[in-house]
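These are the residues of each chain, in order.
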Amino acid sequence: TPWLNPPPVKMALLLAVLFVICDLYSTRAFIHPRVDSQSKEATPWPMPSSFSNGSLTVSLDPTQIKLAGNGGSSNLVSQAFIRFKQRLSTGHLVSAPQNTSHATVVGSVTTVNINLAELNAPLNNATDDSYQLVIDSADNDSSFTVSINASTCYGAMHALTSLHQLVEQRYTSKQIVIRGVPWAIQDKARYAHRGILIDSSRHYLPLDTIRTMIDAMSYVKITVLHWHIVDEVSFPFQPAKGAAGLGKGAWNPDSTFSPSDVQGIVQYAQQRGVRVMIEIDTPGHSASWRFGRPDVMADCPKTMAANHELVTLDPSNEDTFTLLGDLFGELNDLVLDNYIHLGGDEVVYSCWKESAAITQLMKEKGFGSVRHQAETAAVHVSRPVICVTVGHGDDMASFQTHDCYRFWNMLQHISCSWLPPLWHCFNVA
């Protein structure tokens with residue numbers, strides 16, 4: 001049905017419902033000013049930090065409006081402005097209430113002036129995506145200007161989204177207008193992590209579907225796509241380097257993601273102000289790995305006989321860590337984000353307990369029971385492969401080898417998966 005692959009606007013409406021539910025506990029949800037006493041609200045979504053507006057109506061012609069300011073020298077802003085005009089031209093607009101059709105149009109918007117404090121800011125969990133948006137006439141004449149000031153291009157993208165949400169189309173004349181001018185909007189995110197998780201392992205998601213999700217996220221300023229790309233039931237990612245064999249765990253040859261596919265999604269998302277955080281769940285949820293690399297799976301035939309999806313990676317095998325290094329190293333070259341999610345949930349300890357190699361290793365290391373100590377064994381036999389392959393920039397310099405492997409300690413610190421930095425939550429020093 002169409003709802004299995006909805007268009008971006010419909011998807012955005014679905015995501016907006018999530019914001020309504022979350023915002024019910026915010027006092028701002030109950031003090032929303034109206035544009036005027038006779039019409040529906042026409043304000044950006046989610047609600048800005050603060051705003052004020054007037055009562056004038058101005059027109060906007062997407063074929064005539066121009067981009068000005070230093071934001072025009074940013075390729076990301078220029079592309080966002082083109083998309084903004086395309087949405088206006090293709091009818092992706094809210095219909096203005098019919099009882100406002102009598103309002104006189106006092107002028108037209110001719111210019112969008114975008115100025116950035118930093119032209120080449122990276123997109124990560126610390127990016128400043130706040131913005132200021134003003135729609136007014138400098139000399140009280142009929143020419144109106146949209147002025148956007150933002151620290152980064154990503155704040156400017158959000159400002160253009162808010163501007164799009166202010167634009168309406170008159171029902172009969174089809175004239176494109178903005179009501180409530182002059183506008184003055186100040187906005188910044190209440191939460192640095194505003195995300196949606198997709199799972200392409202249990203149900204393969206075509207690239208167009210993922211791009212549709214990203215478009216919808218950008219319409220409501222959700223900025224993190226948590227991509228659970230592989231899991232126990234399938235391994236659709238097709239590594240091209242040392243971990244290449246893992247791709248045999250895909251549902252079929254057509255349900256896969258090549259490295260260039262992943263890189264393309266990351267770039268598409270960045271162009272819309274959306275981060276992509278890849279998740280590779282380990283050491284549990286790894287049954288699909290056995291089709292390409294059975295040598296790194298724990299030897300637990302009785303556990304697998306009960307449920308073949310309960311098999312886990314083998315922390316007693318040096319090849320396991322070589323494979324992890326190859327896999328995360330390749331992903332690190334594909335993604336732009338400074339986080340890769342390492343999973344770490346629902347390890348089946350009976351599999352580790354059944355493995356003679358793992359129990360022997362625990363005995364040699366002086367570890368106790370499997371339930372309490374098997375994960376500690378996994379930490380202490382680890383190697384620094386993830387520490388040197390995950391992340392970008394100088395952030396890695398302060399990390400200790402054992403910090404990077406605490407994710408194999410199954411303590412269910414779910415919130416730590418997105419609190420910066422990830423491995424400080426799991427410090428075992």
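Residues numbered from 1 in each chain as written. Predicted model: local features only at pLDDT ≥ 70, side-chain atom pairs only at ≥ 80, totals over all residues. Heavy atoms only, no water.

1. Section: the overall build of the protein
Helices and strands together make up the secondary structure of the protein, namely eleven helices and eleven strands. Counting only residues that meet the buried cut, the protein has 53% of its 429 residues in that class. When contacts within the protein are restricted to residue pairs at least 6 apart in sequence, those whose partners lie at least 24 apart make up 75%. Total accessible area on the protein stands at roughly 19,400 Å², and carbon and sulfur atoms take up 54% of it. (Helix = DSSP H or I, 4+ residues; strand = E, 2+ residues; numbered from the N terminus. Buried < 20%, exposed > 50% of the residue type's maximum accessible area, 1.4 Å probe, protein only. Contact = heavy atoms within 4.5 Å. Areas by Shrake-Rupley, 256 points an atom, 1.4 Å probe, with all protein chains shown as cover.)

2. Describing the packing of aromatic side chains
The geometry of an aromatic ring pair is captured by the separation of the ring centres together with the interplanar angle, meaning the angle of the planes. Taken as a whole and assessed by the stated rule, the structure comprises six aromatic pairs. The interplanar angle of 90° and the centroid separation of 5.6 Å between the aromatic rings of Phe235 and Trp289 together place this pair among those described as edge-to-face. Of this pair, Phe235 sits in the loop between strand E10 (224–230) and helix H5 (259–270) while Trp289 sits in the loop between strand E11 (275–280) and helix H6 (301–306); the two residues are 54 residues apart in sequence, bridging distant segments of the chain. No difference in accessibility class separates Phe235 from Trp289, as the two residues are buried. Here Tyr349 and Trp352 contribute two aromatic rings whose centre-to-centre distance is 6.3 Å and whose plane-to-plane angle is 70°, an arrangement assigned as edge-to-face. (Phe/Tyr/Trp six-rings, centres within 6.5 Å; stacked < 30°, edge-to-face > 60°.)

3. Topic: the state of the cysteines
Across all of its chains, the model carries one disulfide by this definition. Disulfide pairing places Cys300 opposite Cys351 at an S-S distance of 2.1 Å. Disulfide Cys300-Cys351: the torsion about the S-S bond is -70°, which places it as left-handed. Pair noted here: Cys300 is in the loop between E11 and H6 and Cys351 is in helix H8 (residues 349–354), with a separation of 51 residues, a long-range link. The residues Cys300 and Cys351 share a single accessibility class, namely buried. (Disulfide = S-S within 2.5 Å.)

4. Observations concerning unusual backbone geometry
A cis amide bond links Trp45 to the next residue, Pro46, at an omega of -5°. Topologically, Pro46 is positioned in the loop between helix H1 (8–23) and strand E1 (50–60). In this model, Thr282 is joined to Pro283 through a cis peptide bond whose omega is -5°. Even without being glycine, Lys174 reaches a positive phi, approximately 65°. Note that Lys174 resides in the loop between strand E7 (167–169) and strand E8 (176–187). Exposure remark for Lys174: the relative accessible area of 48% places this residue in the partly exposed category.

5. Re H5
With twelve residues, H5 extends 17 Å from end C-alpha to end C-alpha; this agrees with the ideal 16 Å at 1.5 Å per step. Here H5 has its buried residues at Pro259, Val262, Ile265, Val266, Tyr268 and Ala269. Each element contacted by the buried residues of H5 is listed here: helix H4 (207–219), E10, E11 and helix H7 (318–334). (Expected span 1.5 Å × (residues − 1).)

6. Some words on the confidence of the model for the protein
Of the residues in the protein, 75% have a pLDDT of 70 or more, and the chain-wide mean is 79. Within the model, pLDDT remains below 50 along residues 20–34, and this stretch shows 19 contacts once partners closer than five positions in the same chain are excluded. (pLDDT = per-residue confidence, 0-100.)

7. Here's the deal with the nonpolar core
Judged by nonpolar contacts, the single largest core of 52 residues is most densely connected at Trp227 and Trp289. Sort the elements by how many residues they give to this core and H7 lands first, with seven residues. With residues near it in sequence (within four places) discarded, Trp289 still touches Phe235, Leu246, Ile280, Asp281, Thr282, Pro294, Met297, Leu313, Leu323, Leu324 and Leu327. Listed in part, the 38 residues of the second largest apolar core include Leu60, Val112, Leu133 and Ile135. (Core = buried A, V, L, I, M, F, W, Y, C linked by side-chain atoms within 4.5 Å.)

8. Section: helix H9 (residues 356–365)
Among the residues of H9, those classed as buried are Ile358, Leu361 and Met362. Axial view of H9: buried residues confined to an arc of 100°, hence all on one face. Residues of H9 that are exposed and point over 90 degrees away from its buried face: Ala356, Lys363 and Glu364. Positive backbone phi, at 75°, marks Gly366, one or two positions downstream of H9. (Arc of directions from axis to C-beta.)

9. Section: the environment of Leu60
Note that Leu60 resides in strand E1. With relative accessibility at 4%, the residue Leu60 sits in the buried group. Distance in space between the C-alpha atoms of Leu60 and Val109 is 5.2 Å, their sequence separation being 49 residues. Those residues within four positions of Leu60 in sequence are excluded, and the remaining contacts are Ile65, Leu88, Val109, Val167, Ile176 and Ile178.

10. Let's talk about the pattern of salt bridges
Counted according to the given criterion, the structure contains nine salt bridges. For the salt bridge of Asp337 with Arg275, the shortest nitrogen-to-oxygen distance reads 2.6 Å. Here the residue Asp337 occupies a position in the loop between H7 and H8, and Arg275 occupies one in strand E11, the gap between them amounting to 62 residues. Taking relative accessible area as the criterion, Arg275 reaches 5% and is therefore assigned buried. Residue Asp295 pairs with Arg293 through a salt bridge whose shortest N-O separation is 2.8 Å. (Salt bridge = Lys/Arg side-chain N within 4 Å of Asp/Glu carboxyl O.)

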